[in-house]
Amino acid sequence: MFALISVSIAPAFALLSFFYLKDEYELEPIFAIFRTFLYGALLVFPIMFIQYAFQEEGVAQSLFLQSYFIYGLFEEFFKWFIFIFTTYKYSKFNSVYDGIVYGVSISLGFATVENILYLFAHGIEFAISRAIFPVSSHALFGVIMGYYLGRAKFATNRGTPYLLIALLLPTFLHGTYDFIIESIQGQWIYGLIPFMVLLWLLSLRKVKIANEISQTPT
């Protein structure tokens, strides 16, 4: 059991450390990162309950609606919501890049609990593929969400468009991720690898831009 839990949480902490140390302006307090990680972890159970209820009632069970609504929108909306109502006004959130750090933390809290539950149900042999695909993708969705929430907070004019993009773009990307897996089935890896490469490139681009913006304190 210890080995299973260890391999379940290791990818999340590696990814969180990577994006945390990419901050070129000012590192966030560890306690604040841990707190947002816990917020994300606690989201798993209400989201799973809602998704289970939809499945049992046979509502929105088409491939498109499952991918973009039941999984993409539900999961990203709750992350977005908890970010805004627990972290957005936090005094230490004082640069655009901080949004990325907190977005990744919330997303990886969610991904870690989800990963533990999956590996307990299906076995430790899936640990590597889970680390490369689902856990990493959650982190990258968090990068993009956090980037736009950071832009919204420090926008010189109205930040509302950034707030909407912070929800809608991760939702679209998350839904596309699930749609690829479900639509291609046994050959999903041929569609998912290019998608993940593009997602990494997009996310690292946001990291670079956020660091450039954050060099001038707001």
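By convention here, each chain's residues receive numbers from 1 onward along its written sequence. Residues qualify for local features only when their pLDDT is at least 70, as the model is predicted, and side-chain atom pairs are given and counted only at 80 or more; totals for whole chains, interfaces and linings, by contrast, use all residues. Side-chain metrics rest on all non-hydrogen atoms present in the structure, leaving aside hydrogens and water.

## Topic: the environment of Pro134
Keep this limit in mind: In this description a helix means any DSSP run of H or I spanning at least four residues, a strand means any run of E spanning at least two, and both kinds are numbered starting from the N terminus. Only protein chains enter the accessibility calculation, which uses a 1.4 Å probe. A residue is then buried if its area is under 20% of the maximum for its type, exposed if over 50%, and partly exposed in between. Working rule for contacts: check all heavy atoms of both residues, and any pair within 4.5 Å makes them a contact.
Among the structural elements, Pro134 can be located in helix 5 (residues 127-153). Taking relative accessible area as the criterion, Pro134 reaches 14% and is therefore assigned buried. Counting along the chain gives 19 residues from Pro134 to Asn115, while the straight-line C-alpha distance between them is 8.3 Å. Residues in contact with Pro134, not counting those within four places in the same chain, are Ser129 and Tyr177.

## Describing the environment of Ser137
Mapped onto the elements of the fold, Ser137 is located in helix 5. Take Ser137: its relative accessible area is 2%, and that puts it in the buried class. Apart from residues no more than four positions distant in its own chain, Ser137 is found in contact with Tyr177, Met196 and Leu199.

## Comments concerning helix 7 (residues 188-214)
For the record, the criterion: Take the residue count of a helix, subtract one, and multiply by 1.5 Å to get its expected span.
With 27 residues, helix 7 should reach 39 Å at 1.5 Å per residue; the first-to-last C-alpha distance of 38 Å fits that figure. Along helix 7, the residues classified as buried are Leu192, Phe195, Met196, Leu199, Ser203, Lys206, Val207, Ile209, Ala210, Asn211 and Ser214. Elements in contact with the buried residues of helix 7: helix 1 (2-21), helix 4 (96-122), helix 5 and helix 6 (160-184).

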